[in-house]
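Given next are the chains, with one letter for each unit.
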Amino acid sequence: MKINSFLSFMFATAILILINTPSIKVIFISSELVNILGIGLLLFVAYIRVLFTKIRVSNHILLSVSIISLLWVLLLLSAIWSPSSPSFKELFQYLAIMLVSIATLLLATKNDVRYYVILQLVWSLFIAILQLTVGIQLNRDLGQHYLTIGFPLGIGFVISSGLLIDKINNIQRNISSTTLSIGLLFIFLLALIDLSGRSPVIMSVLTIFYFWFLYILSIKGKKIKNLFIFGMVLLFGFYAVTSFASESLYSRFLRLINNFDSEPRWEIYSNTLKFVKESPLYGYGLNSYNSIVGGNYPHNIFLEVTFYSGILGLVFLMLFMLIFINSTVHSIKEKNFFSMAVGMIALYSFFIWNVSYSLSSSYIVFVSLCLFIKISKNKSINGYLEQIKISS
């Protein structure tokens, strides 16, 4: 039992390092060794589990592994027709994403999730306190920007909201723990609006809305109470943004509302779609965006996958996301805080990767998605696959 607990803690630590690699580099050391440590530790613990643990895999996990494998194999094969052939280092980077995703799907456990959520909350709170007290200095030359810090703060924000949802609906709720969740929620919000970026605020609010809405639909009573508290949280958030947000953040919100067409992202998306329409079947090959379009990446994971591998790659990604969405609907009925917290982290990460970051750093979003899919009880997909087996 002690060995299993130790392995769970180490697996959770590996996930923490992988998901928070950018912010860890800001606080400690900006080195590729951080990436290697997270990937190496996760694969090492997974290997130990394969040797000494009996692995049981449900149908929906096998389906998820198949889809994610096909997606990354297709992306790697697309390097063959890419005008900018990826280097060995870049190919290894993409291969590592596939390996850690599969390892998480097959070998993560619910105990890992408990350790990870606690560790993640501690790390996010550490970042928030640093930002609100001394401020965190970022180095643009190293690729560090507001989202490097905003991402873990957003994770802390959604975890705190999940804790609040759990406490106000728990029969044995504790006033002190409810107060703690509200306090954490406000700390993370204040830290978020102290930055200049909109996406961590917007995407975390969208994540909270999605899961709280699902939660309200899944419960028999307390709907009015939940709607009221959710409305109060939104009102406070609006007040905080308009009253305490940095001038840069406030002006960017106004620009988004008053002049959406002038958004740089919109121009990038439109330009990328034009190229996708010219080669929809096969795409342009892995790492070809810069040489074809002239930019770094399209700031949208759907567009990037389609640009590299065509319609088939998009289909695989959409199928994988359908499994995730289906899992959120079923897992929310369990009323388990840790499960909901991981689901919120995964959805928030996915939202962020649709406005920023590239496919080369998508180990963060895929590990979080795979972790949630693994611990969720997807009865509908399992039942459907069982029916196919019986009929065949």
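You'll find the structure just up there.
Everything in this summary refers to the structure shown in the same document. Bear in mind the structure is a predicted one, so any value in this text is a computation, not a measurement. (Residues numbered from 1 in each chain as written. Predicted model: local features only at pLDDT ≥ 70, side-chain atom pairs only at ≥ 80, totals over all residues. Heavy atoms only, no water.)

**Quick word on the overall build of the protein chain**
To be explicit about the condition: In this description a helix means any DSSP run of H or I spanning at least four residues, a strand means any run of E spanning at least two, and both kinds are numbered starting from the N terminus. Residue burial is assigned from relative accessible area. The probe radius is 1.4 Å, only protein chains are included, and a residue is buried under 20% of its type maximum, exposed over 50%, and partly exposed in between. We call two residues in contact whenever any of their non-hydrogen atoms come within 4.5 Å of each other.
For the protein chain, the helix and strand inventory stands at 17 helices and zero strands. The burial tally for the protein chain puts 53% of its 392 residues in the buried class. Long-range pairs, those at least 24 residues apart, make up 81% of the contacts in the protein chain between residues at least 6 apart in sequence.

**Some thoughts on the pattern of salt bridges**
Rules: Whenever a carboxyl oxygen of Asp or Glu lies within 4 Å of a side-chain nitrogen of Lys or Arg, that contact is scored as a salt bridge.
Scanning all chains against the criterion turns up three salt bridges. Where K25 meets E32, a salt bridge forms, and the shortest distance between an N and an O atom there is 3.9 Å. For K25, a relative accessible area of 17% gives the class buried. Overall, E32 belongs to the partly exposed group, its relative accessible area being 44%.

**Focus on the packing of helix α6 (residues 110-133) against helix α7 (residues 146-169)**
Short version of the rule: Angles shown run from 0 to 180 degrees and are taken between the N-to-C directions of axes, each axis being a line fitted to C-alpha atoms and, for helices, limited to the stretch in contact. Every angle not falling under 35 degrees, over 145, or within 65 to 115 is termed oblique; those three ranges are roughly parallel, roughly antiparallel and roughly perpendicular. Helix crossings fall into two classes, left-handed where the near helix is turned counterclockwise from the far one by less than a right angle and right-handed where it is turned clockwise. We call Asp, Glu, Lys and Arg charged. Ala, Val, Leu, Ile, Met, Phe, Trp, Tyr, Cys and Pro are nonpolar, and the rest, Gly among them, are polar.
Where α6 meets α7, the axes come as close as 8 Å, and the angle between the chain directions of the two elements is 125 degrees. When the axes of α6 and α7 are compared, the pair comes out oblique. As for the relative orientation of α6 and α7, their crossing is left-handed in sense. Residues V117, Q120, L121, W123, S124, I127, A128 and Q131 of α6 form the contact with α7, whose own contacting residues are I149, P152, L153, I155, G156, I159 and S160. Along the lines of polarity and charge, the residues of the contact of α6 with α7 split into ten nonpolar, five polar and no charged.

**Concerning the packing of aromatic side chains**
For any pair of aromatic rings, the description consists of the separation of the ring centres together with the inter-plane angle of the planes. For clarity, the threshold we go by: Here a pair means two rings of Phe, Tyr or Trp (six-membered ring of Trp) with centres within 6.5 Å. Their orientation is stacked below 30 degrees between planes, edge-to-face above 60, and tilted elsewhere. Geometrically, a lysine NZ or arginine CZ counts as sitting over a ring once it is within 6 Å of the ring centre and also within 35 degrees of the ring normal.
Applying the stated rule across the entire model yields 20 aromatic pairs. A ring pair is formed by F324 and F372, whose centres lie 5.4 Å apart and whose planes are at 65 degrees; its orientation type is edge-to-face. One end of the pair, F324, is in helix α14 (residues 301-331); the other, F372, is in helix α16 (residues 363-375), and 48 residues separate them in sequence. For the pair shown, F324 and F372 are each scored as buried. By the ring-pair criterion, three or more aromatic residues cluster together here, those being W72, Y94, F320 and F366. The ring of F11 is capped by R49, whose NZ or CZ atom sits 5.0 Å from the centre of that ring.

**Considerations on the environment of P298**
Its place among the elements puts P298 in the loop between α13 (289-292) and α14. Between the C-alpha atoms of P298 and S358, which are 60 residues apart in sequence, the distance is 7.6 Å.

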